[in-house]
Amino acid sequence: MIRRREWLAAAAAAGALPAWAQSFPARPVRIVPFGTGGGPIDALARVYGEKLAARWGQPVIVDPRPGASGIIAADAVAKAAPDGLTVLMTLPLTHVNNAILMPKLPYDPVKDFQPLSMLATGGPMVVARTDAPYSNIKELVAYARQKGRLTYGTWGNGSAAHLFGELLKRQTGADLVHVAYKSEAAAHTDMFGGNIDFAWANPSTAKAHSQAGKLKVLGIAGTSRVSTMPNVPTFKEQGFQGFDIDSWIGVYAPAKTPAPIVDAWVAALRETTEMPDVRGKLVTFGFEPLGNTPAQFMERYKADYPRTAELIKAAGVTMEQ
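Given the structure is predicted, the values throughout are model-derived calculations rather than measurements.

**Details of the overall build of the protein chain**
- Helices and strands together make up the secondary structure of the protein chain, namely 12 helices and 11 strands.
- Over its C-alpha trace the protein chain gives a radius of gyration of 20 Å, about what one expects of a compact globule, namely 20 Å for 321 residues.
- Reported as C-alpha extents along the three principal axes, the dimensions of the protein chain are approximately 75 × 40 × 30 Å.
- When the 321 residues of the protein chain are sorted by exposure, 56% land in the buried category.
- In the protein chain, 77% of the contacts between residues at least 6 apart in sequence involve partners at least 24 apart.
- Only carbon and sulfur atoms are counted for the fraction: they give 53% of the accessible area of the protein chain, which is about 13300 Å².
- Taken as two groups, the 33 positive and 27 negative side-chain charges of the protein chain have centres that lie 1 Å from each other.

This is the structure in C-alpha cells:
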C-alpha cells in the first residue's frame, strides 16, 4: 500500500496522471461475476470484494450478471468506463470458448479488455444423485448405452463442462444430451428433482453436496485431482483422453484503463490472492491459487485458445446444442 501511494504521488507530481487517477479508487468499485446462485465465481467475487474494500477504504459492490454463457457480464464490463471502477471476474467461457463458438459476439475478448490477473486454475467435476446406478465415468457410460439416453446439466452452452460432456459423448458413442442452465445451482436443482440424470459441478459445490449426502462425485476434468477431494479420480485416470485442460478464474478491466490503475489492481489482486484465508477459500473451491501478471495472463490465454479450439472441434460443440 505504501509503495503504491508513493508511486502514484511521484507520477502525479510529474503530471503523468489525471486527477481521478491520483487517489484511485476515490469511488465505490464494482466486480461483475457472470455467475450467481451460490456458484464459486459469485462467492469468490465477494471474498475478494471484502478484502479490497478493507484495503482501499471504498465499498466494493458485487454485481452478478448471469446467463447467456457469460456474454451479459462480459459485455457490461467491455462497455464500462475505463476508469478501473468496474471489472469482470470470469472463467475461460467468456473470452476463449465464446470467441471460438460465436464470431459475432457483442464484444471483442482481446481488444475490449485489459487482463489484470488470473487468480487460480482448476477443473470441473461430474456429479450424480446418490441413487444413480453408476459411481464413476465408465459406469455412467455403460448405463447410458444400456438405457439409451442420459441428460446432463451445465452452467451454459460453450462452457468447459459442456465441451467435456460432448467430448465424452463422441468418444464413447453414449447418447448424452446437454441441457444448459443460467447457473450451476439451477442445474443441480433440476438434477435433484429428477429432471436431468447428472450434472457438472465445481469442486466446492460438489464437496458441499457430497458431504451433505445429496450427491456422489464420479470424476474430475483437468490435469490433476484436487486436495479437498483427493479420492475423486481424473478422467485420464479412468481411461479417457483429452479432458486434461484446466479451467481458470480471471479478472479483466475494460480496455484503455490507464497503466497506473492497472498496476494498482494487479498489486491488490496478487496480494489478496496470497492471503492465507483467501488461498484457503480458493483451495476449498477446488482451485490452485495463482495470482499472475497481465502478461502471464495473456500468455496463458494465447496457449489455451488453440487447445480449446481443438477440444471444441473434437467434441463437435455448437452454441445450439
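**Some details on the sheet that holds strand β7 (residues 176–180)**
- In space, the five strands of this open sheet follow the order β7-β6-β8-β5-β9, with mixed pairing throughout. Strands with a single pairing partner mark the edges of an open sheet, and in this sheet they are β7 and β9 (215–220). In this sheet, neighbouring strand axes are inclined to one another by 30 degrees on average, regardless of whether the strands run parallel or antiparallel.
- As defined by bridge partners, strand β5 (residues 125–129) adjoins β9 across five bridges and the pair is classed as antiparallel. Residue pairing in the sheet places Ala-128 in a bridge with Lys-216 of β9.

**Thoughts on the nonpolar core**
- With 83 residues, the main nonpolar core has Met-89, Leu-116, Leu-176, Phe-198, Trp-200, Phe-235 and Trp-265 as its most contacted residues.
- Looking at which domains feed residues into this core, each of domain 1 (29–121 + 246–315) and domain 2 (125–238) gives three or more.
- Dropping the residues within four chain positions of it, Phe-235 is found in contact with Val-126, Ile-137, Leu-168, Trp-200, Gly-219, Ile-220, Ala-221, Phe-240 and Phe-243.
- The next biggest cluster of nonpolar side chains, apart from the first, holds 15 residues, and it includes Tyr-181, Leu-215, Val-217 and Val-226.

**Structural notes on the pattern of salt bridges**
- The tally for this structure, following the rule as stated, stands at 12 salt bridges.
- For the salt bridge of Asp-83 with Arg-27, the shortest nitrogen-to-oxygen distance reads 3.6 Å. Of the two residues, Asp-83 is situated in the loop between α4 (71–78) and β3 (86–90) and Arg-27 in the loop between α2 (19–22) and β1 (29–33); the sequence distance between them amounts to 56 residues.
- What makes Asp-83 buried here is its relative accessible area of 15%.
- One network of salt bridges, in which partners are shared, links Arg-30, Asp-63 and Arg-65.

**Here we look at the side chain of Thr-257**
- Positionally, Thr-257 belongs in the loop between β10 (247–254) and α10 (259–273).
- Within the structure, the side chain of Thr-257 is placed 2.6 Å from the backbone oxygen of Pro-254, a separation counted as a polar contact.
- Once residues within four sequence positions are removed from consideration, Thr-257 is found in contact with Pro-82, Gly-84 and Val-262.

**What about the pairing of strand β8 (residues 198–201)?**
- Going residue by residue along β8, you find Phe-198 and Trp-200 tucked away on one face and Ala-199 and Ala-201 tucked away on the opposite face as well.
- Alignment of β5 against β8, held across four bridges, turns out to be antiparallel. By the bridge assignment for β8, Val-126 is matched with Trp-200.
- Sheet analysis places strand β6 (residues 150–154) next to β8, joined by two bridges and oriented parallel. Each residue of the ladder has a partner; that of Gly-153, found in β8, is Ala-199.

**Examining the domain arrangement of the protein chain**
- By the assigned domains, the protein chain splits into domain 1 (29–121 + 246–315) and domain 2 (125–238).
- Of the residues lining the interface, 24 residues belong to domain 1; the matching set on domain 2 comes to 23 residues.
- For the pairing of domain 1 and domain 2, the buried interface totals around 1800 Å² over both sides, and the portion due to carbon and sulfur atoms is 61%.
- In terms of surface lost to domain 2, no three residues of domain 1 exceed Asp-246, Leu-311 and Ala-315, which account for 26% of the buried area on that side.
- Applying the counting rule to domain 1 against domain 2 returns zero salt bridges.
- At the boundary of domain 1 and domain 2, one finds five residue pairs in polar contact (both at pLDDT 80 or more).
- In terms of residue count, helix α12 (residues 294–315) provides more of the side of domain 1 that touches domain 2 than any other element does, six residues in total.

Rules of the game
- Residues numbered from 1 in each chain as written.
- Predicted model: local features only at pLDDT ≥ 70, side-chain atom pairs only at ≥ 80, totals over all residues.
- Heavy atoms only, no water.
- Helix = DSSP H or I, 4+ residues; strand = E, 2+ residues; numbered from the N terminus.
- Rg over C-alpha atoms; globule rule 2.2 N^0.38 Å.
- Buried < 20%, exposed > 50% of the residue type's maximum accessible area, 1.4 Å probe, protein only.
- Contact = heavy atoms within 4.5 Å.
- Areas by Shrake-Rupley, 256 points an atom, 1.4 Å probe, with all protein chains shown as cover.
- Lys, Arg positive; Asp, Glu negative; His and termini not counted.
- Charge placed at Lys NZ, Arg CZ, Asp CG, Glu CD.
- Pairing = 2+ DSSP bridges.
- Axes fitted to C-alpha atoms, helices over the stretch in contact; angles between N-to-C directions.
- Core = buried A, V, L, I, M, F, W, Y, C linked by side-chain atoms within 4.5 Å.
- Domains from an automatic or database assignment.
- Salt bridge = Lys/Arg side-chain N within 4 Å of Asp/Glu carboxyl O.
- Polar contact = N/O pair within 3.5 Å; in protein donor to acceptor, adjacent residues only side chain to side chain.
- Buried area = accessible area lost by both parts, 1.4 Å probe.

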